[in-house]
Amino acid sequence: MADTADVVVVGGGVNGASIAWALASQGVKRVVLCEKGALASGASGRSSALVRMHYTNETDARLAFASFPIFRHWIELMGGGPPVFTHTGFVNVVSPPYAEHLRKNVDVLRKIGINTVALSPTELRDLQPHANVDDIGAAAYEPDSGYANPAETVEGLRRRATELGARILQWTPVTKILRRESRAVGVETRAGRIDAGAVVVAAGAWAPRLCRAMGLEIPARVKGIDTVVVTRPAELAEPHVIFIDNVQGSYFRPESGILTIVGVPCQDWDLDPDAPLSLPPEAPAVGAQILTHRMPTMERATLARGYRAFDCYSHDRHAILGRVDGLDGLYLATAFSGSGFKIAPAVGMCLAELILDGRAKTVDIEPFSLNRFAAGRSPEGPYPYASRGDQAEPKNAAGAGDQVTRRP
Ligand SMILES: Cc1cc2nc3c(=O)[nH]c(=O)nc-3n(C[C@H](O)[C@H](O)[C@H](O)COP(=O)(O)OP(=O)(O)OC[C@H]3O[C@@H](n4cnc5c(N)ncnc54)[C@H](O)[C@@H]3O)c2cc1C
C-alpha cells in the first residue's frame with residue numbers, strides 16, 4: 001500500500017532540509033523528505049557556506065537578509081545543537097570601473113536594512129593591512145557577516161524538522177515524480193510510492209534530470225566548483241575577513257584553525273553528478289596566485305588540501321523557485337548557481353508559505369519563477385559587476401551562453 005504525505009520534499013541538501021523544517025514549523029503534519037544518499041551529500045556538504053548579504057539584485061539580498069538572523073541565533077531557533085555560524089566580517093571588492101555600481105548597490109542594501117558600508121581602497125587597507133588594494137576601486141564591507149558550518153547546518157535542520165514531526169528518509173531515491181494529468185500527485189521511491197498533495201524538487205544538480213523524466217525542462221546545467229585549502233603563515237594566524245574578489249573572479253575565507261579556503265575558477269560544465277570527481281592538477285597553483293595577489297603575505301602559505309564539487313546553474317545564474325505553470329502541486333527549489341547556501345533558511349520559509357498560503361510572504365520570490373525564462377525576465381539588478389569567465393556557458397547542445405555576475 002502507498003504511503004501518504006501532505007508534502008514530499010525530494011533532496012536532503014540545505015534547501016530540502018530547510019523546506020522540511022519550515023513546513024513542519026508552520027504546522028504541516030505529514031512532511032516527508034526523501035534523500036537518495038546521506039543528507040548533505042550534494043553541493044551543500046562541500047559548500048564554503050559564506051553567509052553575507054551583498055548581492056547585485058534585491059531578491060537574493062532580501063533572502064540572505066531574512067536568513068541571516070537564523071544563522072546567528074541558531075541555537076535558540078533550532079532548540080539546541082552546536083552553533084553553526086562563525087563571525088569574521090566580509091568584503092566584496094571590485095575594480096575601479098565598477099566602484100560606482102558598488103556604491104549604488106550598497107545604498108540599495110542599506111535601504112533593505114543590511115548593515116553595510118562602501119569603503120575606499122585606503123579604508124580597506126586600514127581594515128585589512130595585509131591586503132593589496134592597488135587594483136581595487138571600492139569595497140562593500142559587512143561587519144556582521146561570516147560563514148557557516150555546512151554539515152552542522154543541515155544536521156540542525158534535520159533534527160529540528162524531525163522534532164516537529166517531519167520524516168526524513170535517507171538512502172531513499174525518488175525514481176519518479178508521479179503526475180495525473182496536470183497535477184503532481186506523489187513520488188515513486190525505491191521503498192515504494194508516496195502519494196502527496198505537493199511535491200518539492202530540491203534535488204540540486206540532479207533536478208534537471210528528474211524533471212526531464214516527467215516532461216519538464218529546467219534551463220539549468222551542472223558546473224564544477226573547485227576549491228583549495230591552505231595553511232596560513234604565522235604572520236596571518238589571526239583570521240582575515242572574507243573576501244569576494246570581483247577583480248579576480250574568486251573568493252577566499254578563513255576556516256577553523258589557521259586555514260583559508262580559496263575558490264578556484266572552474267569552467268567544466270555538464271558534469272555527471274554521480275561520477276567521481278577530481279581536482280585538476282593546476283588548481284592549487286591558480287588558487288595560490290589568486291590568494292597571493294590579494295594578500296602577498298600568503299606567499300608563505302602551504303597547501304593543505306583541495307577538492308572538486310558542483311552545483312546546478314540556471315541560464316541566468318539565479319535560483320529557480322516556486323510553482324510550475326500547468327503542473328499543480330509541483331514546486332521547484334533548485335539551480336542555486338553556486339550561491340544557494342546562505343539563503344536556504346529563507347528559501348525554506350518562502351516555499352512553505354507558497355505551498356500553504358499560495359504566496360511567499362517572507363520575500364517575494366516571483367522574480368525567481370521558472371516562467372521568467374519564457375517571459376525573457378531576469379532578476380538581475382541595474383548595477384552588475386564584471387562578468388566571470390568561469391561562469392560563461394560554453395555554447396553547445398545544452399544551452400546558449402550568457403552574461404553572468406554571480407558569486408558564492
Ligand atoms: C565548493 C562550493 C562552495 C560554495 N560556496 C557557497 C557559499 O560560500 N555560499 C553560498 O551561499 N553558496 C555556496 N555554494 C552553493 C551552495 O552550496 C549550493 O547552492 C547549495 O548547497 C545547494 O543546496 P541544495 O539543497 O539545493 O542542493 P544539494 O546540496 O546538491 O542537495 C540536493 C540533494 O538532493 C539529493 N537528490 C538528488 N536526486 C534525488 C532523488 N532522485 N531522490 C532523492 N534525493 C535526491 C542529492 O543526493 C542531494 O543530497 C557553494 C557550492 C560549492 C559546491
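Being a predicted model, the structure only gives us computed values, none of them experimental. Every chain is numbered independently, its residues counted from 1 as its sequence is written. Totals for whole chains, interfaces and linings use every residue, but because this is a predicted model, local features are given only for residues with pLDDT of at least 70 and side-chain atom pairs only at 80 or more, for both listing and counting. For the side-chain quantities, the full set of heavy atoms in the structure was used; hydrogens and water were omitted.

### So, the packing of helix H3 (residues 58-72) against helix H5 (residues 99-112)
In contact at an axis separation of 10 Å, H3 and H5 are set at 45° when each is read in the N-to-C sense. The angle between the axes of H3 and H5 places the two elements in the oblique class. Crossing geometry of H3 relative to H5 is assigned as right-handed. On H5, the residues touching Glu58, Ala61, Arg62 and Phe65 of H3 are Val108, Leu109 and Ile112. Only Asp, Glu, Lys and Arg are considered charged, only Ala, Val, Leu, Ile, Met, Phe, Trp, Tyr, Cys and Pro nonpolar, and every remaining residue, Gly among them, polar. Looking at the contact of H3 with H5, its residues break down into five nonpolar, no polar and two charged. Every axis corresponds to a line fitted to the C-alpha atoms, with the helix fit spanning only the stretch in contact, and the corresponding angles, defined between N-to-C directions, vary from 0 to 180 degrees. Each helix is a run of DSSP H or I of at least 4 residues and each strand a run of E of at least 2, with the numbering of both proceeding from the N terminus. Oblique is the label for any angle not under 35 degrees, not over 145, and not in the 65 to 115 range, which are roughly parallel, roughly antiparallel and roughly perpendicular in turn. Handedness of a crossing is defined here by the sense of rotation of the near helix relative to the far one, left-handed for an anticlockwise turn of less than a right angle and right-handed for a clockwise turn. Contact criterion: two residues are considered in contact whenever any of their non-hydrogen atoms come within 4.5 Å of each other.

### A few points about the state of the cysteines
The disulfide criterion used throughout: a pair of cysteine sulfur atoms within 2.5 Å. The final tally for this structure, using the stated rule, is zero disulfides. Counting only cysteine sulfurs, Cys312 is the nearest neighbor of Cys266, a cysteine outside any disulfide, at a range of 15 Å.

### Some points on the pattern of salt bridges
When a carboxyl oxygen of Asp or Glu lies within 4 Å of a side-chain nitrogen of Lys or Arg, that pair is called a salt bridge. Across all of its chains, the model carries 22 salt bridges by this definition. In this structure, Arg103 and Glu100 form a salt bridge, with 3.3 Å as the shortest nitrogen-oxygen distance. Here the residue Arg103 and the residue Glu100 both occupy positions in helix H5, the gap between them amounting to three residues, near one helical turn. Judged by its relative accessible area of 37%, Arg103 falls in the partly exposed class. Residue Lys361 pairs with Asp357 through a salt bridge whose shortest N-O separation is 2.6 Å. In this structure, a network of salt bridges that share partners links the residues Lys36, Arg209, Asp272 and Asp274. Here the term buried applies to any residue with accessible area under 20% of the maximum for its type, exposed to any over 50%, and partly exposed to those in between, with areas from a 1.4 Å probe on protein chains only.

### Structural notes on the side chain of Asn15
When you line up the elements, Asn15 lands in helix H1 (residues 14-25). We classify Asn15 as buried; its relative accessible area is 8%. Filtering out sequence-adjacent residues up to four positions away, Asn15 remains in contact with Phe336, Gly340, Ala344 and Val347.

### Here's the deal with H3
Taking 1.5 Å as the rise per residue, H3 with 15 residues should run 21 Å; its terminal C-alpha atoms sit 21 Å apart, in good agreement. Where H3 is concerned, the buried positions are Thr59, Asp60, Ala61, Leu63, Ala64, Ser67, Phe68, Ile70 and Phe71. Regarding H3, its N-cap is Asn57, as a side-chain oxygen of that residue lies 3.2 Å from the backbone nitrogen of Thr59 further along. What a helix should span is 1.5 Å times the count of its residues minus one. We define a polar contact as two N or O atoms separated by no more than 3.5 Å, with the added condition that, inside protein, one atom must be a possible hydrogen donor and the other a possible acceptor, whereas residues neighbouring each other in sequence contribute only through side-chain atom pairs.

### Describing unusual backbone geometry
Phi angles above zero are rare outside glycine, and Ala49 is one such case at about 55°. Looking at the element boundaries, Ala49 is found in the loop between helix H2 (43-46) and strand S3 (50-51). Even without glycine at this site, Ser337 takes up a positive phi of about 55°.

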